Amino acid sequence: MSIHSPVTVTVPATTANLGPGFDCIGAALTLYNKFTFTRLSSDTPWETERAVRIRVSGVEANQVKTDETNLAYQAFLKLYNQIGHTPPPVQLKIDLDVPLARGLGSSATAIVGGLVGANQLAGEPLSQTEIMELAIALEGHPDNVVPALLGGCRLAARGDEVLKEWEICDIPWHDQIIPVVAIPNFELSTQEARQVLPTQVSRADAIFNVAHFGLLIRALATGRGDWLQTALQDKLHQPYRQALIPGYEAVQTAALKAGAYGVTISGAGPTLLALVDPIQAEAVVTAMASAWQEVGISAIARSHSIDTQGTQSAIAPAI
């Protein structure tokens, strides 16, 4: 049965790759975007011209499209197309806290928010797994959309080559490992970050990443900082993307001196992620922001926790 009350979907930001886990691992953070879908009656005057009205508030709201090409609305339409139903006219209100094009999964929040909002309004015809598969298909890879939907730290691997189903594994994250993100005031598109990557890698580099990824999983689970120092190293994407991030070396050095176990590029960047113990977290926050400031770049640095709930939806009570 379809829902006529407004539906609000809250989706966490994500940090993906975590060094050697390129395109397959990500973690949800306690930073959120909200999407509120309100079904509108067909006799509303403006409905004859447009099927959606979009209002955006919050961080960088003026950069978000407010027509039918809006990514959250495109995901909304995708779900209705999937179930073979005509999408209802809606008002979409977006409240942004996740900066755009910074490597924190802003596009994943839009995709997941649109799919979950549509599924709620349509009476939940699709399961969480079906929504996840649609989200991966829209995003093109699982590392952001899976933890955004499910919460926690998640590893995604393609299963049987014939069925092409996804296997999702929950990765334990020790509570003494604090993620610190340093978000600079410039953007880096995922497309640009992918263009600098080589199409082939050596056997030695592949072996390097396999070994370090295995160590990363154990380090996250056990809280072993000495293992993290080694495990966060990577040879598949970070060496090529560092040149796209002004101040990378200065910020990395400052974080390590302040006590971070290691520093990686969050997603496609330019946000940098430091993993640190709780005692050193504030010192690392200050050091990373200051280091970017010293090279003439304004940045916001802050510590977060791992969001364990994933996407949450709420239906407004009938008045």
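Refer to the preceding data block for the structure.
Residues numbered from 1 in each chain as written. Predicted model: local features only at pLDDT ≥ 70, side-chain atom pairs only at ≥ 80, totals over all residues. Heavy atoms only, no water.

Considerations on the pairing of strand E1 (residues 7-16)
Moving on, step 1. Along E1, 9 of the 10 residues are buried, which leaves the element largely enclosed by surrounding structure.
Moving on, step 2. Of the strand pairs in this sheet, E1 and strand E2 (residues 25-39) are connected by 9 bridges, and their pairing is antiparallel. Bridge pairing in E2 links valine 9 to phenylalanine 35.
Moving on, step 3. Taken together, the 4 bridges between E1 and strand E11 (residues 312-315) define a ladder with antiparallel strand orientation. Its bridge partner lying in E11, threonine 8 is registered against alanine 314. (Buried < 20%, exposed > 50% of the residue type's maximum accessible area, 1.4 Å probe, protein only. Helix = DSSP H or I, 4+ residues; strand = E, 2+ residues; numbered from the N terminus. Pairing = 2+ DSSP bridges.)

Some thoughts on the sheet that holds strand E8 (residues 262-265)
Moving on, step 1. Reading across from one edge, E8-E9-E7-E10 is the order of the 4 strands in this open sheet, with antiparallel pairing throughout. In the strand order of this sheet, the two ends are held by E8 and strand E10 (299-303), each with one partner. Ignoring which end each strand starts from, the neighbouring axes of this sheet average 20° apart.
Moving on, step 2. Where strand E7 (residues 178-184) meets strand E9 (residues 272-276), 5 bridges bridge the pair, whose relative direction is antiparallel. Each residue of the ladder has a partner; that of proline 179, found in E9, is leucine 275. (Axes fitted to C-alpha atoms, helices over the stretch in contact; angles between N-to-C directions.)

Let's talk about helix H3 (residues 128-139)
One turn of the α-helix equals 3.6 residues, which is why residues spaced by three or four share an orientation.
Moving on, step 1. Across its 12 residues, H3 extends 16 Å between first and last C-alpha, which sits within 8% of the 16 Å expected from 1.5 Å per residue.
Moving on, step 2. Listed in full, the buried residues belonging to H3 are Ile131, Met132, Leu134, Ala135, Ile136 and Glu139.
Moving on, step 3. Contacts from the buried residues of H3 go to helix H1 (71-83), helix H2 (106-121), helix H4 (145-150) and strand E6 (166-171).
Moving on, step 4. Looking one or two places after H3, you find glycine 140, whose phi comes out positive at around 100°. (Expected span 1.5 Å × (residues − 1). Contact = heavy atoms within 4.5 Å.)

Some words on the packing of aromatic side chains
Any aromatic ring pair is given by two values, namely how distant the centres are and how the planes are angled relative to each other.
Moving on, step 1. Summed over the entire model, instances satisfying the criterion amount to 3 aromatic pairs.
Moving on, step 2. Both rings, one in tyrosine 73 and one in phenylalanine 76, keep their centres 5.8 Å apart while their planes meet at 15°; by these two values the pair is stacked. Of this pair, tyrosine 73 and phenylalanine 76 are both found in helix H1, 3 residues apart, which corresponds to roughly one turn of the helix.
Moving on, step 3. Residue classification places tyrosine 73 among the buried positions, given a relative accessible area of 3%.
Moving on, step 4. For the ring pair phenylalanine 76 and tyrosine 80, a centre distance of 5.1 Å and an interplane angle of 45° mean the geometry is tilted. Of the two residues, phenylalanine 76 and tyrosine 80 are both situated in helix H1; the distance of 4 residues between them amounts to about one turn of the helix.
Moving on, step 5. The class for tyrosine 80 is buried, based on a relative accessible area of 4%.
Moving on, step 6. Members of the aromatic cluster, connected to one another through ring pairs, are Phe37, Tyr73, Phe76 and Tyr80.
Moving on, step 7. Against the face of phenylalanine 208 rests lysine 235, its NZ or CZ located 4.6 Å from the ring centre. (Phe/Tyr/Trp six-rings, centres within 6.5 Å; stacked < 30°, edge-to-face > 60°. Lys NZ or Arg CZ within 6 Å of the ring centre and 35° of its normal.)

Focus: the packing of helix H9 (residues 248-257) against helix H10 (residues 281-294)
When two helices pack together, their arrangement is given by the angle between the helix axes and by the axis-to-axis distance.
Moving on, step 1. Close contact between H9 and H10 brings their axes to 8 Å; oriented N to C, the two are set at 155°. Relative to H10, the element H9 is oriented roughly antiparallel. In terms of crossing hand, the pair formed by H9 and H10 is right-handed. Along the contact surface, H9 presents Ala250, Val251, Ala254 and Ala255, while H10 presents Val284, Ala287, Met288, Ala291 and Trp292.
Moving on, step 2. For the contact of H9 with H10, the per-class residue count stands at 9 nonpolar, no polar and no charged. (Parallel < 35°, antiparallel > 145°, perpendicular 65-115°, else oblique. Left-handed = near helix turned anticlockwise from the far one by under 90°. Nonpolar A, V, L, I, M, F, W, Y, C, P; charged D, E, K, R; others polar.)

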